Every structure is written in structure tokens, then in C-alpha cells.
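Summary of structural features
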Amino acid sequence: MPNATLKQLSLQLAQKKISSTELTQFHLDRIARLNPGLNAFVTVDAARSLAQARAADAQIAAGKAQPLTGIPVAHKDIFCAKGWLTTCGSKILANFVSPYDAHVVERLNAAGAVILGRTNMDEFAMGSSSETCFWGPVRNPWDRTRVPGGSSGGSAAAVAARMAPAAIGTDTGGSIRQPSALSGICGLKPTYGVVSRYGMIAFASSLDQGGPMAKSAEDLALMLNVMAGFDARDSTSLERPVEDYTRLLDASPAGDRAQPLGGLRIGVPKEYFGAGLDSDVGAAVEAALAQFEKLGAKRVAISLPNSALSVPAYYVIAPAEASSNLSRFDGVRYGYRAPDYTDLADMYRKSRAQGFGAEVKRRILIGTYVLSHGYYDAYYLKAQKIRRLIAQDYVQAYGQCDLIMGPTSPSVAFGLGAKASDPVQMYLNDIYTVSANLAGLPAMSIPCGFGEGNMPVGLHLVGNYFAEANMLNAAHRYQLATDWHLRQPAGVE
Amino acid sequence: MDWETVIGIETHAQLSTVSKIFSGAATRFGAAPNVQACAVDIALPGVLPVLNRAAVEKAVRFGLAVNASINPRSVFARKNYFYPDLPKGYQISQYELPVVKGGSLLILVKDGEKTVRLTRAHLEEDAGKSLHEDFHGMSGIDLNRAGTPLLEIVTEPDMRSAEEAVAYAKALHALVRWIGICDGNMQEGSFRCDANVSVRPKGSAVLGTRCEIKNLNSFRFLEEAVNYEVRRQIELIADGGRVVQETRLYDPDKKETRSMRSKEDAHDYRYFPDPDLLPLAISAESIEQIRSELPELPQAKRERYMHEFELSAYDAGVLISSREVAEFYENLIRALGGGYKLAASWITGELFGALKRAGLEISQSQVSSVQLAELLQRIQNNAINGKQAKEVFDAMWNGEGDAEAIILARGLTQISDAGELEEVIDRVLAANSKSVEEYKAGKEKAFNALVGQAMKATRGKGNPAQINEILKKKLAS
């Protein structure tokens with residue numbers, strides 16, 4: 001059962017071979033057993049989850065089941081969920097119980113999915129290793145001395161260790177895709193505006209996007225069907241016709257059955273295979289590209305000339321927005337307030353100094369600096385110009401190809417603490433992922449092999465705007481022909 | 001040395017929308033603390049702003065009313081600073097690209113008319129309120145006002161005296177109420193002015209260093225604060241000192257301004273475009289739609305009253321002092337079927353006098369335009385004279401009924417019968433031979449005495465115009 005896909009679980013629930021209550025209890029038991037060593041979940045509330053599971057069972061019994069009814073899903077601790085502790089990995093929100101549901105949470109609840117618990121994350125989603133969590137670091141189920149990636153490391157580890165059939169995460173510069181790659185699972189960041197940000201605690205508003213994390217592309221599609229959709233409460237939410245993201249997956253491909261991806265042009269940016277990429281990762285990605293060619297895809301050499309500027313631009317724009325977004329955490333209305341202070345300014349200073357961790361403070365400082373009078377043009381405005389250039393690079397590229405592929409991360413998961421003291425090294429983990437956020441494009445990571453230390457390697461796919469269905473189909477066809485996504489870490493059986 | 005005062009004004013006008021500018025919470029004044037603050041207003045984690053188009057519509061209406069240009073694309077920006085009544089730690093405002101650009105407002109001052117140029121008007125949200133009393137050393141925060149839509153209207157430094165500043169504030173106040181975008185309630189803070197004041201030697205082209213006096217919520221405070229500040233700055237410079245650029249507060253009890261913060265303490269607000277809100281796009285069609293719904297504006301009305309109705313500039317100016325007054329006037333002349341000047345003089349005279357004595361607004365008038373029309377009709381057709389009409393008006397004001405009933409009850413009919421009047425006048429002339437002689441000797445005043453006697457003899461009921469006419473005729477013969 002831990003390896004069953006959402007589709008299989010859904011069928012078993014519908015055929016009443018298993019109840020949601022049993023399925024939920026099964027995963028709660030796994031969490032009880034495995035989480036102490038992994039720290040993937042920060043809040044588990046069995047009674048609350050089981051109540052939802054019983055309600056789902058009633059829905060199923062009444063013949064009102066939808067595809068996700070009764071399926072337990074782990075929620076990153078960044079999504080506000082009514083009645084649940086919603087801490088965003090921070091001491092400053094360590095006592096915050098949300099009085100309302102995020103749009104994504106509402107939709108999952110309405111679909112009958114069960115909230116299995118809240119997953120650990122880098123504080124305010126700022127990190128690439130899930131080490132900046134107030135609740136302690138998350139460990140990689142493949143090797144507990146290593147990080148699972150971040151910031152959605154708890155969700156990635158929960159799925160990788162089969163503590164949850166699926167999870168939700170958020171991605172500002174790679175926070176779904178990079179931990180998916182480092183933990184050997186699948187993760188998708190949709191086109192900006194496809195998933196509502198309402199109730200998702202903001203890190204960098206123009207870059208943040210929620211998305212699914214699961215074992216297969218097909219599972220991601222099922223999840224995205226529920227998560228996507230217009231929401232009037234988010235001004236950046238896009239009003240478009242409802243899409244079935246699974247629609248291409250079951251269709252029998254036209255033409256050669258052995259070549260289901262015939263005609264697909266895969267762009268491979270030369271900039272992604274140069275210095276900085278570990279050879280083991282490069283080799284696994286090369287093998288995956290060869291596999292795609294076997295499936296009928298054509299490989300096209302492309303260039304994204306401004307990609308070297310993506311990390312610098314990202315580390316101006318994201319902190320700038322964050323410095324402002326995080327101002328509401330001031331100890332006045334909710335969250336942490338320092339116990340002793342002399343006056344208002346002192347209360348602010350101490351509450352924020354004690355409530356935020358080092359990485360969050362670093363980014364608030366960077367963001368404050370780049371928005372300051374006299375520096376705005378040189379940093380923020382210039383970064384916005386670079387952002388437009390990067391988006392234009394993609395427009396050019398999609399004249400030549402349908403999907404872009406490369407490595408998700410330059411290396412496999414690194415050891416806990418290995419990059420903790422060197423922020424620039426840490427930031428370079430995002431080198432292949434941030435440009436999709438800057439351009440607002442959909443992107444995903446799927447397992448494509450193993451590298452150093454037998455650690456998983458992720459293949460990065462970037463699609464054109466709203467190409468989620470095509471991208472999921474390409475990944476799905478690859479997964480029908482390979483079994484990397486079915487591998488699971490040792491010691492979690 | 002002769003000094004020149006230079007004043008620019010920033011006004012925060014609360015837009016009278018039902019809900020807030022970025023949330024669905026109500027904007028009603030006076031509710032219990034924090035009951036009108038929703039998740040967005042208190043800035044819970046994860047909430048997002050959604051623009052209320054009704055606020056935009058009102059901003060556009062203002063722009064059109066002052067002949068400004070409406071930016072087809074404007075941008076909301078975040079103004080970042082920490083304060084407990086600012087829940088997000090930033091205020092959503094407009095910075096580089098405001099919704100309204102330019103425009104001007106005509107003001108009336110004692111030397112005549114003057115045009116005050118507007119720099120811009122932009123949309124923003126109001127903050128909440130900090131309450132420092134009744135909390136025993138702590139502060140209370142009321143976020144009911146947080147997120148209330150404001151239009152900040154900024155002038156060029158075009159005013160040269162406190163009088164002009166007040167005239168501008170009054171004209172603006174009347175206009176925003178006229179076009180229905182702001183209730184103008186200054187006690188409740190719906191209309192607040194900041195005055196930027198500087199002085200310079202007369203003839204100088206360079207502006208002096210300015211001080212900004214914040215949150216003046218009455219015309220009187222504006223006048224007093226500017227006058228105080230001008231004196232302070234002139235004295236400072238005359239004593240060899242230098243004006244420091246700073247923000248000052250006016251203390252109405254002590255009638256003085258005092259320093260609040262200097263430029264050195266000024267915040268770096270780190271404005272940047274709000275990534276939660278798309279740029280505000282306003283189509284040419286929607287602008288035209290709003291233009292077509294605009295009422296006739298005060299200046300246009302004033303011109304029309306002067307040209308079409310031949311009213312004096314003064315009367316026309318008074319009649320457009322508010323939309324309610326203009327409406328009363330127009331209803332009155334419609335009911336009268338003319339009588340433009342008569343109607344104007346009755347509104348500016350008797351009606352305003354009665355309102356002022358009773359401390360009422362025209363909307364609370366005890367005599368309606370229809371009732372007043374009935375009265376004025378009787379003056380027009382000589383049924384009663386002006387003096388009687390005033391008596392009837394007072395009785396109507398006191399609720400004694402309509403003009404007809406009062407005239408009947410009091411027997412207030414005018415004697416317009418020429419024969420009857422001639423008889424009375426003959427008697428008056430016979431009894432006042434001295435006045436007749438004086439008049440014939442060239443003393444014009446004697447004529448008035450004779451008119452008075454004739455009126456007295458009719459017990460005030462004689463038609464004064466007719467009496468005049470008959471007297472002149474008889475005295476000339």
C-alpha cells in the first residue's frame with residue numbers, strides 16, 4: 001500500500017477494499033514510526049485527520065466520491081488551514097492557529113482529501129535545505145545525514161518515506177522542485193497565477209506558486225486538477241477555463257506506439273551543462289534525455305543567454321518583496337511577542353530579533369537594502385529588467401522547442417550543515433530552477449536516476465505558459481518506460 | 001522686508017464607498033472597535049488585497065471634475081513603515097504613477113477668482129487608530145478605519161495666504177461632496193488637510209524651506225495654523241535663524257504649531273510596486289461612462305446662473321456653495337416658472353438667515369422649495385407685498401401651514417385696487433402738506449416719508465410699487 005499511486009488508492013477506496021479511515025490510520029502509523037528520525041512533520045493531529053477521513057468515508061458510501069476523496073495529503077506548514085497550527089517554520093508564528101483556510105486547502109477539503117498533517121519547511125520558505133526550520137532540520141529519507149532539499153523539504157521527505165501518498169508545497173525559486181529532486185519524488189510548480197496564493201503565507205509575492213508533490217506525474221496531475229482554479233481573492237489568480245490535467249495521460253498516442261512522444265521537441269540549454277554541474281547528475285540527466293529520444297522526442301540545442309543572471313536577479317527581487325511581506329510579523333496582533341520590552345520600538349526590535357531566524361533576517365536586510373533610497377534603481381529596478389530579459393530568453397527558446405529539460409539541481413543531496421555557513425553556495429542550488437519563477441513558467445522535477453552515494457537525481461522540465469498538461473504527459477510517458485519514480489529509500493518499508 | 005507666503009495643500013478625502021479599498025469589510029463610521037476589521041484588514045498571514053472598483057470610479061470622477069488627465073495605467077505601491085495601527089507594516093498607496101494627474105480648481109478670494117493647480121490625486125488606504133487613553137499605560141488599536149479608501153489630492157504651491165488656503169480647502173470640500181465621492185465630515189476625519197508652508201522675500205523666485213503641518217481637520221485650524229506658521233517662520237528668519245524642513249502639528253488649544261519630526265528622522269519608505277496587485281487599468285470607455293454620469297459641476301452652474309439668469313457673481317457663487325443649495329434653487333425656479341432673481345434673493349436672504357438662526361443645513365429647511373414657490377408666486381402676482389411675504393415666510397418656518405392658509409388666516413391681502421389706493425393717498429397728501437412742500441422744494445427724502453405714511457394708512461397692505469407710481473403722478477400734477 002505505501003507505494004500505491006493516487007489512482008490506485010482512489011480505486012481501492014471506491015471499491016471499498018479499504019476505507020479512508022484505514023488509509024489515514026495507516027499513514028499516521030507510518031508517521032509515528034518514521035517521523036522521529038526524519039522530522040518531516042511538525043504537526044500531526046490524528047483525531048482531526050481521522051474525523052475528516054470518516055467524513056470522506058461517508059461521502060464514498062453516499063456515492064459522492066471525487067478522485068481525491070479519502071486520500072490523505074500532507075500540507076506544507078505555509079498553507080493556512082482553519083484550526084491547524086500554521087507556523088511557516090518560524091518561531092514568530094509558533095503559536096499561530098489559523099482562523100481560515102487557504103484557497104488550496106479549501107479546494108482539497110471540498111474534494112474530500114484528508115489533511116494528514118503539517119510538514120516542516122525552511123523558515124518562511126527561505127532555504128534550499130530545510131535546515132532553517134525553527135522546528136529543527138528535516139532529514140533525507142535516502143540518507144539521514146543529508147538534507148532533503150528545501151524549502152518544501154518536509155513534504156518531499158514525507159512522500160519519499162511513504163508517510164504520505166501526496167503532499168502540497170510552494171515554490172518561489174525551486175522550493176518544490178529542488179527538494180523533489182533531492183528526495184527522489186515528483187513535484188510541479190504551475191504557471192504563475194494557476195494556483196491561488198490566498199492563504200499561502202507570502203515569501204515573494206510575484207514568484208510564489210503552490211503546487212503538488214507526489215510519486216508520479218499522473219498523481220501530480222490528479223492533485224493539480226483540485227489545486228488549480230480561479231480565486232477572486234487573489235488579484236494575480238488567472239481566470240481561465242477549467243482544465244483537466246490528466247486528459248493526455250490515458251490517450252493512446254497517435255502513430256508509433258513505441259514512440260508516444262513523437263514530434264516533441266526538447267530544448268536542452270547549453271548553459272545548464274557547464275561548470276558547476278556535478279558529473280553524476282549530468283550523466284543521469286543525459287541518460288534521461290536519451291530515454292526521451294527513444295520515446296520519439298527530438299533533442300534541440302538551445303541557449304538561454306541570460307540564465308547566469310537569474311540567481312543574482314532572484315536574490316534581489318525575492319528578498320525585496322520578502323522584506324515587505326514579513327513586516328506584518330511585528331508582535332502586535334498575533335504571533336510571537338518578546339516578553340520584555342521598554343517601549344514600542346523596543347517591542348518591535350526584540351520581537352522580530354527573537355522571532356526570526358538568521359536566514360530570514362539576512363533576507364530582510366538584503367531586501368531592505370535594495371529597496372532603500374539611492375539603491376532602488378541600481379538593484380531592484382535593474383533586477384526587474386533582467387527578469388524581463390530572462391522571460392524573453394524563454395520566448396525565443398519556445399520558438400525552437402516545446403519543452404526545456406536539464407538538471408533540477410547541480411548536485412545530489414548534500415550533507416546536513418555542509419552549506420549552512422556559506423549562503424552563496426546555498427543560493428547556487430537554485431541556479432536551474434529560479435528562472436522559471438522569474439518568467440512565471442510551469443516547471444517540474446521527476447526522478448531520473450541516482451548519483452553519488454546512491455542519492456536520487458532530478459530531471460527538470462520547463463514548459464511554456466499553461467503547458468502543464470503537455471509537460472505532465474511527457475513525464476508520464478517517461479515514467480511508463482522507466483521505474484526511477486518507483487524506487488524508494490531503504491529503511492522505510 | 002516684505003514677505004510672501006507660499007502654500008501647497010495635500011488633502012486626504014475618504015471616499016464614500018460601502019466597503020474598504022482592498023477588502024469587503026464595511027466602512028461605516030462609529031462602530032465598536034475592530035468589528036469592521038476582516039482578515040485582510042488585520043493582515044493575517046496569507047491574506048491578499050483585492051481592489052474595490054467603486055473607489056477607482058470615485059477617483060476618476062474627481063479627476064474629470066477638475067479637468068485632470070486620468071492615467072490609463074496606474075500602479076499601486078507599498079509605502080513601508082512600522083506602526084501598530086498599520087497592520088501590514090506597509091500602506092498600499094500610489095507613488096510614481098497616480099490615477100489622476102494635473103487638473104485645477106477655481107477658488108473665490110476677496111480680489112476675485114484664482115486658479116489653484118493640482119499636481120496629482122492618488123488612491124490609498126487609511127490606517128487604523130491608536131487609542132492611548134483608558135488603557136492604563138498600554139495602547140489600544142482599532143482597525144475599523146484600516147483600509148478605508150482615501151483619495152490624496154495634492155496641489156502645486158499656488159496659494160499665497162491663509163485666506164487662499166481656506167478658500168481652496170472650502171472649494172475642494174464643496175466639490176468632493178458635490179460629485180458624491182466624500183461625505184466631507186471633518187469631525188469624523190473624512191476630509192483632512194496637510195499644509196506645506198514656506199515664506200520668501202517678496203519678488204524672490206526661489207521657494208523657501210517648507211514645513212508641513214499635518215492633519216488639519218477644520219477650516220479654522222487650517223487658517224490659524226498657517227497664520228501662526230507664517231509668523232513663526234518670518235520671525236525666525238528675521239532673527240537670523242533658518243527654517244528647518246520638518247513635519248509639524250497644530251495645537252488648537254495653544255494655537256501654535258510644534259515640531260513632530262525633522263527631515264533627518266524622516267522614514268525611507270522604500271516604495272516599490274505592490275506585487276499583490278496588478279497595475280490599475282482604466283479604459284477610455286469607462287472614463288467616458290463616468291463622465292456621462294457626472295452632475296453639472298459648480299463652476300459651470302455658476303456661469304450659467306450669471307449668463308442665463310443674469311444673477312450677480314455673488315448670488316451665483318452663494319447658490320453653488322453646495323449641490324443641495326443649487327438643487328433647492330433650481331427646484332424653486334422650476335416651480336415658479338422663472339423668477340430667477342427673486343428666487344435667488346429669497347434663498348440668499350430670508351432662507352439662509354432662517355437656516356443660520358436655527359443652525360440647520362438646507363436639506364433640513366423648515367420651508368420646502370415648493371412651499372417657498374407658492375409664497376413667491378403671490379409676490380409675483382401682487383397678491384401680497386414683500387413685507388407681508390416675510391411675515392408669511394416666518395409663519396411657514398414656524399409650521400403654521402402653507403402660504404395660502406397663512407395669508408387667509410392673517411388677512412394679508414395686498415391692496416392693488418388703484419381707486420382704493422388713490423383715495424388713501426389723497427388723504428395722506430392732505431394730512432401731510434409739509435412733506436408735500438418739502439418734496440416740491442427738492443427734498444427727495446420727503447417722498448419716502450409720504451410712501452411710509454401711505455403704507456401705514458393701508459396697514460402695510462398697499463402695493464408699494466403702485467403707491468410709488470400714484471404718489472409720483474399726484475405730486476407732479
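Predicted, not measured: the structure shown is a model, and the values here were computed from it.

What counts and how
Residues numbered from 1 in each chain as written. Chains lettered and ligands numbered in written order. Predicted model: local features only at pLDDT ≥ 70, side-chain atom pairs only at ≥ 80, totals over all residues. Helix = DSSP H or I, 4+ residues; strand = E, 2+ residues; numbered from the N terminus. Rg over C-alpha atoms; globule rule 2.2 N^0.38 Å. Buried ≥ 20, exposed ≤ 12 C-beta atoms within 10 Å, placed from the backbone. Domains from an automatic or database assignment. Nonpolar A, V, L, I, M, F, W, Y, C, P; charged D, E, K, R; others polar. Contact = placed C-beta atoms within 7 Å. Pairing = 2+ DSSP bridges.

**Concerning the overall build of chain A**
Scanning chain A from terminus to terminus reveals 15 helices and eleven strands. The C-alpha radius of gyration computed for chain A amounts to 21 Å, which stays within 12% of the reference 23 Å derived for 493 residues, consistent with globular compactness. Dimensions of chain A, computed from C-alpha atoms along their principal axes, come out at roughly 75 × 55 × 45 Å. For chain A, buried positions account for 60% of its 493 residues.

**Quick look at the domain arrangement of chain B**
Residues and elements named next belong to chain B. The domain architecture assigned to chain B consists of domain 1 (3–286), domain 2 (296–410) and domain 3 (418–476). Between domain 1 and domain 2, the C-alpha centre-to-centre distance is 37 Å. Among the residues making up the side of domain 1 that touches domain 2, the classes are represented as six nonpolar, no polar and one charged.

**Let's talk about the interface of chain B and chain A**
Of the residues lining the interface, 24 residues belong to chain B; the matching set on chain A comes to 35 residues. Of the residues contributing to the side of chain B that touches chain A, the split by class is 16 nonpolar, three polar and five charged.

**Quick notes on unusual backbone geometry**
Peptide bonds are trans in most cases, and residues, glycine excluded, mostly fall at negative phi. All names here are of chain A. A cis amide bond links G150 to the next residue, S151, at an omega of 10°. Despite not being glycine, N39 shows a phi value in the positive range, around 60°. Tracing the backbone through its elements, the reader meets N39 in the loop between helix 2 (20–38) and strand 1 (41–43). Classification of N39 by C-beta neighbours within 10 Å gives buried; the count is 21.

**Considering the sheet that holds strand 4 (residues 76–80) of chain B**
Residue and element names in this part refer to chain B. Read from one edge of the open sheet, three strands run 5-4-16, paired in antiparallel fashion. For this open sheet the edge positions go to strand 5 (90–94) and strand 16 (272–273), each flanked by a neighbour on one side alone. As defined by bridge partners, strand 4 adjoins strand 16 across two bridges and the pair is classed as antiparallel. Of the residues in strand 16, the one forming a bridge with R78 is F272.

**As for the pairing of strand 7 (residues 265–269) of chain A**
Sheet topology note: the strand 7 of chain A/strand 8 (residues 298–302) of chain A ladder contains five bridges and is parallel. Looking at strand 8 of chain A, one finds that G267 of chain A is bridged to V300 of chain A.

**What about the environment of L429 of chain B?**
Mapped onto the elements, L429 of chain B comes out in helix 12 (residues 418–431). Apart from the residues lying within four places of it in its own chain, the contact partners of L429 of chain B are V436 and K474 of chain B.

**Description of the environment of L421 of chain B**
All names here are of chain B. By the secondary structure assignment, L421 is in helix 12. Residue L421 is classed as buried on the basis of its 21 C-beta neighbours within 10 Å. The spatial distance from the C-alpha of L421 to the C-alpha of L471 is 9.7 Å, given a sequence separation of 50 residues. When near neighbours in sequence (up to four residues on either side) are disregarded, L421 contacts I415, G462, Q466, I467 and I470.

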